[in-house]
Amino acid sequence: MLPRLEYIKQARMRLGVTQRKLASLTGVSTSMINQIESGRCRPSYETARKIFEALGSLEGKTAMKAGDICSRKLISVQRDERLHDAIDMMRLNSISQIPVLDGSKVVGILSEDGLAKIMSEKDEGELKNLKVFQVMDAPAPLVDVSTPAKALVPLVRFTKCILVSEKGNVIGIVTITDTLKMVE
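Rules used in this analysis
- Residues numbered from 1 in each chain as written.
- Predicted model: local features only at pLDDT ≥ 70, side-chain atom pairs only at ≥ 80, totals over all residues.
- Heavy atoms only, no water.
- Buried < 20%, exposed > 50% of the residue type's maximum accessible area, 1.4 Å probe, protein only.
- Helix = DSSP H or I, 4+ residues; strand = E, 2+ residues; numbered from the N terminus.
- Arc of directions from axis to C-beta.
- Contact = heavy atoms within 4.5 Å.
- Salt bridge = Lys/Arg side-chain N within 4 Å of Asp/Glu carboxyl O.

Caption draft 1: Representation of helix α6 (residues 83–92) within the structure. Considered for burial, the residues of α6 that qualify are L83, A86 and M90. Down the axis of α6, the buried set is contained in an arc of 60°. They therefore lie on one face. Along α6, the residues that are exposed and aim more than 90 degrees away from the buried face are R91 and L92. Looking at the buried side of α6, the elements it contacts are β1 (77–78), β2 (97–102), β3 (105–111), α7 (112–121) and α8 (124–128). Just beyond α6, the residue with positive phi is S94, at close to 50°.

This is how it looks when you write it as structure tokens:
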């Protein structure tokens, strides 16, 4: 079963495709696309199928991926760094979470939420002597650069950040703010 014909114009406009381009992709005339979109013509099942397949193909090519929305300026800390230095780095860069590495391997995440919890449990003297690994949380989820960005929205709402990898190397981070790039 195919979607309703009214969706053709909506999808074409959302993708930024002209009637002429859609016509050339489907092998029908620009006039026919215009008539279908205006409701003056009902295409055959085969023609409608070609149009929806072309739109679906274009949508797959233009859909944003994790690599398109991630912040590629990845700031991280090493697990053995002093907590005080990590907090300074977070403040200096205005970030609310920071990946924790052991060499080049991601081993945890340091977040404002986790820090607030630790600060409420320990006194100032104890905090000054802590290392990052003593207060870090489990690592953030890791997705491939080609993961559809829409799939990240529910996950980032739950985890607060997602790390993005390409060929096994972490190249960026996605936060809730980064997901807003999908509406630009």
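Caption draft 2: Spatial organisation of the pattern of salt bridges. For the structure on display, the rule yields eight salt bridges. Measuring nitrogen to oxygen at the nearest pair gives 2.5 Å for the salt bridge that ties E37 to R12. Placement of E37 in helix α3 (residues 30–38) and of R12 in helix α1 (residues 6–15) is noted, with a sequence separation of 25 residues between them. In this pair, the class of E37 matches that of R12, namely buried. For R49, the salt bridge goes to E46, with nearest N and O atoms at 2.1 Å. Of the two residues, R49 and E46 are both situated in helix α4 (residues 45–62); the distance of three residues between them amounts to about one turn of the helix. Overall, the relative accessible area of 38% leaves E46 in the partly exposed class.

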